[in-house]
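Topology and contacts: notes
Spelled out, the chains give:
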Amino acid sequence: QRSGNGVMSLMAVHLAALLSAATAAHVFHWGDAVPMMKRIQYHQRRSGWSEVPRRIAPRFGINHVVDLDVLPSDYDGRDSYKISFSLAGQQFITPWLSIADGHGNFLSRLQLTLVASGGLVYAARWSEEQVLEEPPDRVVLDVRWEHHLHEDLASGLGLLFVAGLAIMLVLLCIVFQQIEFETDEPITPGSQGSGDSHSGYPNAGLPHQGYVPRRRTVAERAAGGGQVFFC
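Residues numbered from 1 in each chain as written. Predicted model: local features only at pLDDT ≥ 70, side-chain atom pairs only at ≥ 80, totals over all residues. Heavy atoms only, no water.

**Structural notes on the packing of aromatic side chains**
Tallying each qualifying case throughout the model produces five aromatic pairs. Centroid distance Y42 to Y75: 6.0 Å. Interplanar angle 45°. Geometry classified as tilted. With Y42 in strand 1 (residues 36-42) and Y75 in the loop between strand 4 (64-68) and strand 5 (81-87), this pair connects stretches of sequence that are 33 residues apart. Given the relative accessible area of 15%, Y42 is considered buried. According to the relative accessible area criterion, Y75 is buried, its value standing at 13%. On the basis of an interplanar angle of 75° and a centroid distance of 6.4 Å, the ring pair of Y75 and Y81 is categorised as edge-to-face. A relative accessible area of 7% places Y81 in the buried class. Chaining the aromatic ring pairs together yields one cluster made of F28, F60 and W145. (Phe/Tyr/Trp six-rings, centres within 6.5 Å; stacked < 30°, edge-to-face > 60°. Helix = DSSP H or I, 4+ residues; strand = E, 2+ residues; numbered from the N terminus. Buried < 20%, exposed > 50% of the residue type's maximum accessible area, 1.4 Å probe, protein only.)

Structure, rendered in structure tokens:
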């Protein structure tokens, strides 16, 4: 019974992993808004995640350039001001990007490159451009897309899910066979009747299951007087 429980636990873990892999990746269509959030670090404090305006969020498969209003109006230039972005439900999170480092360096341009295959986003890259001057009024966010059509990740996940289901069915069959083997009672000698000890047949005292005896014909009786069994 322990072995059966162990296999069942393994199946539960395997199923959870498959469902997690299947639901983690969101499938987008052309032009869909890719969820994007931001958080701020300023004066040694960090804010929580908050949604960026819809006009800033990347659109699946569409290159676009937008301006970000990131520095607060009361920024004094003496402390660092950093920002971090997350994409596709925190599937990708950028490191802390310095909008201002407190030493006269300011971020002027942020290029975000998203790599997609089919309807999935599976990679993200970013690069920064800084200037040594007065803080810019806005930071340019340049969103670009790369499509790798030869890699169909959606089909790959589908095959992975089907293979996982097949493995689960095999494990289920093993569990059922193990339970049936453990609950099967052994047959002891003498439990099926001992038969007639005077007949010369071990089960002569019991009727044959599935067979019906028939009467001998006159010719058969004349051919021999011994007892004849017909099956």
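**Describing the nonpolar core**
Membership of the largest hydrophobic core comes to 34 residues, with the highest contact counts inside it found for L68, F85, L141 and W145. Elements that contribute at least two residues to this core include exactly strand 1, strand 4, strand 5, strand 7 (97-100), strand 8 (106-117), strand 9 (120-131) and strand 10 (139-147). Looking at this core, the element that brings in the most residues is strand 8, giving six residues. With residues near it in sequence (within four places) discarded, F85 still touches M36, M37, K38, W49, V52, L68, F92, I93, T94, L97 and L110. (Core = buried A, V, L, I, M, F, W, Y, C linked by side-chain atoms within 4.5 Å. Contact = heavy atoms within 4.5 Å.)

**Digging into the pattern of salt bridges**
Taken as a whole and assessed by the stated rule, the structure comprises five salt bridges. Between D69 and R138 there is a salt bridge, and its shortest N-O distance comes to 3.2 Å. In this pair, D69 sits in the loop between strand 4 and strand 5 while R138 sits in the loop between strand 9 and strand 10, placing the two residues 69 residues apart along the sequence. Overlapping salt bridges, with partners in common, bring together R109, D142 and R144 in one network. (Salt bridge = Lys/Arg side-chain N within 4 Å of Asp/Glu carboxyl O.)

**Brief notes about the side chain of D79**
In this fold, D79 is placed in the loop between strand 4 and strand 5. Of the side chains with opposite charge, R78 lies nearest to the buried D79, which makes no salt bridge, at 8.6 Å. Side chain to side chain, D79 and H43 meet in a polar contact 3.0 Å long. Residues contacting D79, with those up to four places away along its chain left out, are Y42, H43, A100 and G102. (Lys, Arg positive; Asp, Glu negative; His and termini not counted. Polar contact = N/O pair within 3.5 Å; in protein donor to acceptor, adjacent residues only side chain to side chain.)

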